[in-house]
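Overview (structure and organization)
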Amino acid sequence: MAVPGAYLDHAATTPMRPEARARMVEALADDLGNPSGSHRSARLARRAIDEARESLAEVLGCRPGEVVFTGGGTEADNLAVRGVQAARPGLVSCSAVEHHAVLDVVEALGGIVWPVGTDGRIDLDALASGLAARSGGAPVVLVSAMLANNEIGVITDLSAVRGVLDQHAPHAVLHTDAVQAFPWLDVSSAAAPAGLVSVSAHKFGGPQGVGALVVRDGVPLAAQSLGGGQERGRRSGTQNVAGIVAMAVAARCTADERADTVARVARLRDRLAESITSRLDDVAETAVPVDSAGRPDRSGKVAGSCHLCIGGVENEALLFLLDQAGVAASAASSCASGALDPSHVLAAIGIERDLARGSLRLSLGTTTTEAEVDAAADAVVASVTRLRRHAA
Ligand code: PLP
């Protein structure tokens, strides 16, 4: 990745960790065989995958046999939602702020979308009453609630969600999309209440196009790609050996350094948010409550997330000016067309469409420096001032 003056789009993808890149290059150079084969180079490939599986399982808090390697977060999410419904007929469901890799699948399958509060978390009362009202109807077989939101960074307490399910839909599987959470939270404990957990390597310093779904023993899941029966029949297709071993290295480094990274990046994020909000009026930090002394409380968000709604600007124009200034940022989640769809996340938490048009997601990562943060804050202030002056 060509890193510009300030790269603040780590939630879209984060640079590969040098250790992961080195391991990937080594695996590619080894010309490993097909891990399903029986000769020596096939066995070497299989061993490399087995070691990666063991290592990843340890940081994810599951058993090696519960890890299903996929082609990324989207495939893991699709497998979770479609796979449960195919194994156990009933309704699938998710919160209104899920990534499209979950939300679109639930909608395509005619499932239920649960409302969220203004804090960005699934509304537990609405979930409880919605599930209770369904008794006698088709059962809800899956509830998907993301551990950390990709736009606004809000963290969900999955044990509270599981508690509601235990009361009203004890057989429902809890799936969590932990794609954005992994860099910042100990997924082995935070996602423990979930039977299915999705992760994606390129969000934590691994390569793009590889991820995993944790399928805990006993969770009903029907394969969605049939063929060679790889991944114990749960995901056919020759595994991406080099990608998988690199992902395992990235995951291990991330977990080992997580506490220090979170502390350092949270300080940078606070500096960034405060530098912008203190110099511009009509800027609100999304899903950040303010205490009685006027201090923002960002503890409910992951450390790398700074999301702002800026009055009087259009995010497309703002992103253009920021790009020209060498600052990589985004408005909502990235999508293939590069178009800026109105954010379903901001709509779900009750942010007016007009204000949502000025949304800006600045996401930090392990490589973020103080100089980048200061340059980005200056560029945001200058660009917003310029746009507002033009609009006046
Ligand atoms: N889920 C979340 C929360 C994401 O942020 C993303 C990527 O932006 C995905 C799923 C999709 O992951 P991938 O890009 O690996 O398909």
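These remarks concern the structure in this document. In this text, all values refer to a predicted model and were calculated from it rather than measured experimentally.

Two pairing modes exist for strands in a sheet, parallel and antiparallel, and in both the strands are linked by backbone hydrogen bonds. With antiparallel pairing, the 3 strands of this open sheet are ordered in space as β9-β10-β12. Every other strand in the sheet has two partners, leaving β9 (283-285) and β12 (359-363) as the edge strands with one partner each. The sheet shows a mean angle of 25° between the axes of neighbouring strands, taken without regard to direction. In the sheet, strand β10 (residues 305-310) pairs with β12 via 5 bridges, with the strands oriented antiparallel. For cysteine 306, the partnering residue across the bridge sits in β12 and is leucine 362.

Moving on, we get to the packing of aromatic side chains. Applying the stated rule across the entire model yields 1 aromatic pair. In this arrangement the basic side chain of arginine 258 is found over the ring face of phenylalanine 182, its NZ or CZ atom lying 4.8 Å from the centre.

With that settled, consider the site of the ligand. As a matter of local geometry, the ligand sits amid 13 residues, with Thr74, Asp177, Gln180, Ser200 and Lys203 nearest to it. Between threonine 74 and the ligand, the recorded distance is 2.6 Å, taken from a side-chain N or O atom to an oxygen atom. In this structure, lysine 203 approaches the ligand through a side-chain N or O atom, which is 2.7 Å from an oxygen atom. When the ligand sits alone it has 390 Å² of accessible area, and the protein chains cover 87% of it. When residues in the shell around the ligand are grouped by element, the largest group, 3 residues, is from helix α3 (residues 73-87). Among the residues forming the shell around the ligand, the class breakdown is 2 nonpolar, 8 polar and 3 charged.

Below, the discussion takes up the packing of helix α9 (residues 315-324) against helix α12 (residues 370-391). Relative placement of two packed helices is described by the angle separating their axes and the distance separating the axes. Put simply, α9 and α12 touch, their axes get as near as 9 Å, and they point 130° apart. Taken together, the axes of α9 and α12 are oblique relative to one another. Judged by the sense of rotation from one axis to the other, the crossing of α9 with α12 is right-handed. Taken together, the residues of α12 that come into contact with α9 (itself represented by Ala317, Leu318, Leu321 and Leu322) are Ala379, Val380, Ser383, Val384, Arg386 and Leu387. Tallied by class, residues from the contact of α9 with α12 come to 8 nonpolar, 1 polar and 1 charged.

Rules behind the numbers
- For every chain, the first residue of its written sequence is number 1, and the numbers climb from 1 along that sequence.
- Thresholds applied to this predicted model are a pLDDT of at least 70 for local features of residues and 80 or more for the giving and counting of side-chain atom pairs; totals over whole chains, interfaces and linings are not thresholded and use all residues.
- Just so you know, side-chain values use all the structure's heavy atoms and leave hydrogens and water out.
- Pairing between strands is defined by DSSP: at least two bridges between the two strands are required.
- Starting at the N terminus, helices and strands are each numbered in turn, a helix being any DSSP run of H or I of at least four residues and a strand any DSSP run of E of at least two.
- Note on geometry: axes are C-alpha line fits, over the in-contact stretch for helices, and angles between N-to-C directions span 0 to 180 degrees.
- Stacked, tilted and edge-to-face are the three classes assigned to paired rings of Phe, Tyr and Trp, where Trp is represented by its six-membered ring and a pair needs centres within 6.5 Å; plane angles under 30 degrees give stacked, over 60 edge-to-face, the rest tilted.
- Only when the NZ of Lys or the CZ of Arg is both within 6 Å of the ring centre and within 35 degrees of the ring normal is a charge said to sit over the ring.
- Any residue with at least one heavy atom within 4 Å of a molecule or strand is counted as near it.
- As used in this structure description, the phrase polar contact means that two N or O atoms lie within 3.5 Å; if the pair is within protein, one of them must be able to donate a hydrogen and the other to accept it, and residues adjacent in sequence are counted only when both atoms belong to side chains.
- Only the protein chains shown count as covering a residue, and every accessible area follows the Shrake-Rupley method with a 1.4 Å probe.
- For this scheme, ten residues count as nonpolar: Ala, Val, Leu, Ile, Met, Phe, Trp, Tyr, Cys and Pro. Four count as charged, namely Asp, Glu, Lys and Arg, and the remainder, Gly too, count as polar.
- Roughly parallel here means an angle under 35 degrees, roughly antiparallel means over 145, roughly perpendicular means 65 to 115, and every remaining angle is called oblique.
- Working rule for handedness: look at the near helix, and if it is turned counterclockwise from the far one by less than a right angle, call the crossing left-handed; if clockwise, right-handed.
- In this analysis, two residues are considered to be in contact whenever any of their non-hydrogen atoms come within 4.5 Å of each other.

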